[in-house]
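Survey of secondary and tertiary structure
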Amino acid sequence: MDHDAYLERLGATTDEPADLFEHFEQRSFDGRTYHVLTDARHGLERGTVIVEDAETVIRGYPSIPRLLVLEPGVPSFFEDAETVAVEEKLDGFNVRIADVGEPLAFTRSGYVCPYTTARARKLLSLEGFFDEHPEKTLCAELIGPETPYTTTDYEGVDTHDFRVFGVRDRESGNPLSVVDRRAICETYDFNQPRLFGRAPPDTAAAELVRDAIDELDAAGREGVVMKSEPGDAMVKYTTEAQHHDELAYAFSLPFDHGRDFVFSRLIREAFQAAEFDEDEARLQERAHDLGESILVPMVEAIQDVDDGETIGHRHTVRGDADSIDALFDHLHDQSMTIELESDRREDGQRVVEFVKVAESSRDRIAHYLEGGTR
Ligand code: ATP
């Protein structure tokens, strides 16, 4: 690889190629080699990819900062924007789809996911899009109850589907504006996250975001991403329902999820309660729900291990047999322990139910149940 040439194309903030390229890892997919930046550094996002045989650079998807309070968070974050567009934040799996001679779906950390690649080719009209926009990347969320990564239900999505929330120049990472992206996606019939509306930064929180959050919370959905127009600034804010779901998810496997994961959700919840919960009764209700989302899944996990059941995250996937085989190779490559629960054919497709076994939680819980000490 010509490091000097790629250093320039990437626009990294170092003049020393070695500073950057020692952090690229070589990977392969279907006999093709690509290089992935494993951590954000020198102004580049984690998951930035170079596909050498296609001489292509695909910048990583940027990290979206989070607000803990809407007032004065929204007006101060969007100080320089004319308008703030408020879109739903969906709970799924982020992929960047780029055409490197063939369309490939890259995960946030820069792996080609064979399953998501196959599904994207099937469900999105990629040929038409990349014929017209070969230099772009589609940033999409794979959502629905049947994916290998998340299981959140969305009305109207029986198994899985994509929602395109960004169209970016693959090499510079520059995004299209929300207006332009929404128009292009409509042209190609790409589904997108719901747009709640637009408002000036000073009034967006009170006029749009609070109502959107209330509505999403009542429906058990995740939250919103606010995007500046013009510009590329983005910030996220999530619902109480999401905080509780994520805590329940983490505590259902208490020794597999990091303490940071749990602590950050508690902090989000505390700031939201301080801003939203004016009366004591509302705060008590939140405290009760929060406690339930921590304790109940943990007790269930202990009981499951006691009953000899496998604990872990359960997923169902459906698709053609080859892409499902490739998915399991991909998951094994990532050192996951997978247990198959069922493998059948339905409507000409292979449908597999499996568990990503949570070995740390299983072993620690078993140790304590046998009378072991901490
Ligand atoms: P970070 O963004 O800080 O790296 P993270 O990976 O935990 O953290 P999330 O908290 O899940 O990210 O939020 C960012 C992700 O939200 C994006 O990467 C994208 O996959 C997803 N997302 C869902 N809906 C949207 C949307 N409408 N606009 C932008 N991103 C969205």
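Residues numbered from 1 in each chain as written. Predicted model: local features only at pLDDT ≥ 70, side-chain atom pairs only at ≥ 80, totals over all residues. Heavy atoms only, no water.

So, the domain arrangement of the chain
Here is the rule we go by: As used throughout, domain bounds are those supplied by an automatic or database domain assignment.
One can read the domain layout of the chain as domain 1 (1-60), domain 2 (73-88 + 195-238), domain 3 (241-306) and domain 4 (312-369). Just the C-alpha atoms count here: the centres of domain 1 and domain 4 sit 31 Å apart.

Concerning empty space enclosed by the protein
What counts here: Cavities and pockets are defined on a 1 Å grid built over the protein atoms alone: a cavity is a set of grid points where a 1.4 Å probe fits but cannot escape, while a pocket is an open set with protein on both sides within 12 Å along at least five of seven lines, and lining residues are those with an atom within 4 Å of any such point. Grid points are joined across faces, edges and corners, and a volume is the space filled by probe spheres set on the points. Note that Gly is not counted as nonpolar here; it falls among the polar residues with everything else outside the nonpolar set of Ala, Val, Leu, Ile, Met, Phe, Trp, Tyr, Cys and Pro and the charged set of Asp, Glu, Lys and Arg. Per the convention used, a helix needs a DSSP run of H or I reaching at least four residues, while a strand needs a run of E reaching at least two, with both numbered from the N terminus.
This model, assessed by the stated rule, comprises 4 cavities of 30 Å³ or more. Forming the boundary of the largest cavity are 16 residues, of which Pro175, Leu176, Val178, Lys227 and Met234 lie nearest the centre. Here the lining of the largest cavity is built from residues that sort into 8 nonpolar, 4 polar and 4 charged. Considered as a void within the structure, the second largest cavity measures approximately 40 Å³ in volume. If you trace the second largest cavity, you find it lined by Arg66, Leu67, Leu68, Tyr237, Thr238, His243, Arg268 and Gln272. Of all elements in the fold, only β12 (234-238) and α9 (259-276) reach the threshold of two or more residues within the lining of the second largest cavity. Looking at the lining of the second largest cavity, its residues break down into 3 nonpolar, 3 polar and 2 charged.

Overview of the site of the ligand
Rule in force here: Any residue with a non-hydrogen atom lying within 4 Å of a molecule or strand is treated as near it. For the purposes of these results, a polar contact is taken to be a pair of N or O atoms within 3.5 Å, where, inside protein, one atom must be able to donate a hydrogen and its partner to accept one; residues adjacent in sequence count only when each atom of the pair is a side-chain atom. A 1.4 Å probe and the Shrake-Rupley method give the accessible areas. Residues count as covered only by the protein chains that appear here.
Near the ligand you find 16 residues, and of these Ser63, Arg108, Glu141, Lys227 and Lys236 are the closest. In the model, an oxygen atom of the ligand is placed 2.8 Å from a nitrogen or oxygen of the Lys236 side chain. Against a free-state accessible area of 620 Å², the protein chains account for coverage of 78% of the ligand. Counting residues per element, the shell around the ligand draws most heavily on strand β5 (residues 83-89), at 3 residues. Each residue belonging to the shell around the ligand can be placed in one class, and the counts come to 6 nonpolar, 2 polar and 8 charged.

Re helix α8 (residues 240-251)
Definition in use: Here a helix's expected span is defined as the number of its residues, less one, multiplied by 1.5 Å. Residue burial is assigned from relative accessible area. The probe radius is 1.4 Å, only protein chains are included, and a residue is buried under 20% of its type maximum, exposed over 50%, and partly exposed in between. Contact definition: two residues touch when any of their heavy atoms are within 4.5 Å.
For α8, spanning 12 residues, the distance from its first C-alpha to its last is 16 Å, which sits close to the expected 16 Å at 1.5 Å a residue. The buried fraction of α8 amounts to 9 of the 12 residues, a majority that puts the element mostly inside the structure. Turning to α8, its buried residues are Glu240, Ala241, Gln242, His243, His244, Glu246, Leu247, Ala250 and Phe251. Taken together, the buried residues of α8 touch α7 (201-218), β12, α9 and α10 (280-306).

A word on the sheet that holds strand β6 (residues 93-99)
The strands making up a sheet are joined through hydrogen bonds of the backbone, oriented either antiparallel or parallel. Let me state the cut-off plainly: In this description, strands pair whenever DSSP reports at least two bridges between them. Angular values range over 0 to 180 degrees, each being the angle between N-to-C directions of two axes fitted as lines to C-alpha atoms, with helices fitted over their stretch in contact.
Strand order in the open sheet formed by 4 strands is β7-β6-β8-β9, and the pairing between neighbours is antiparallel. Edge positions in the sheet fall to β7 (103-107) and β9 (161-169), since each of these pairs with one other strand and no more. For this sheet the average axis-to-axis angle between neighbouring strands, irrespective of direction, equals 30 degrees. Judged from the 5 bridges that link them, β6 and β7 form a sheet pairing that is antiparallel. Paired with Ala98 across the two strands is Leu104, which belongs to β7. Relative to β7, helix α4 (residues 114-123) is tilted by about 130 degrees, and along the sheet it contacts β6, β7, β8 (136-143) and β9.

Let's talk about the pattern of salt bridges
Going by this rule: What counts as a salt bridge is simple: a side-chain nitrogen of Lys or Arg found within 4 Å of a carboxyl oxygen of Asp or Glu.
Overall, the coordinates contain 33 salt bridges when judged by the stated rule. The residue Glu102 makes a salt bridge to Arg121 at a minimum N-O spacing of 3.1 Å. Placement of Glu102 in the loop between β6 and β7 and of Arg121 in helix α4 is noted, with a sequence separation of 19 residues between them. Here Glu102 falls in the partly exposed class, since its relative accessible area comes to 21%.

A closer look at the nonpolar core
Worth spelling out the cut-off: We define a nonpolar core as any set of buried Ala, Val, Leu, Ile, Met, Phe, Trp, Tyr and Cys residues linked to one another through side-chain atoms lying within 4.5 Å.
In this structure, Ile97, Phe129, Leu138 and Phe190 are the most contacted members of the largest nonpolar core, which totals 30 residues. Listed by contribution, the elements that provide at least two residues to this core are β6, α4, α5 (126-132), β8, β9, α6 (178-187), α11 (321-333) and β15 (349-357). Among the elements that line this core, the one with the most residues is α11, at 4 residues. Leave out the neighbours within four places in its chain, and Phe190 touches Leu124, Ser125, Phe129, Leu138, Val164 and Cys185. Membership of the second largest hydrophobic core comes to 21 residues, among which are Leu70, Leu216, Val224 and Met226.

Quick word on the environment of Arg268
Examined against the element boundaries, Arg268 turns out to sit in helix α9. Judged by relative accessible area, which is 12%, Arg268 ranks as buried. Dropping the residues within four chain positions of it, Arg268 is found in contact with Arg66, Leu68, Thr238, His243 and Glu246.

Focus: the packing of aromatic side chains
Defined as follows: For this analysis, a ring pair means two rings from Phe, Tyr or Trp (six-membered ring only for Trp) whose centres lie within 6.5 Å, classed as stacked if their planes differ by under 30 degrees, edge-to-face if by over 60, and tilted for the remaining angles.
By the definition in use, this model includes 12 aromatic pairs. With a centroid separation of 5.3 Å and an interplanar angle of 80 degrees, the aromatic rings of Tyr61 and Phe165 are classed as edge-to-face. Of this pair, Tyr61 sits in the loop between β4 (56-58) and α3 (73-77) while Phe165 sits in strand β9, and the two are 104 residues apart along the sequence. Given the relative accessible area of 6%, Tyr61 is considered buried. Note on Phe255 and Tyr368: the rings are 6.0 Å apart at their centroids and 55 degrees apart in plane angle, and the pair reads as tilted. Residue Phe255 is located in the loop between α8 and α9, and its partner Tyr368 is located in helix α12 (residues 359-369); the two are separated by 113 residues in the primary sequence. An aromatic cluster is present here, built from Phe129, Phe130, Tyr188 and Phe190 joined pairwise through their rings.

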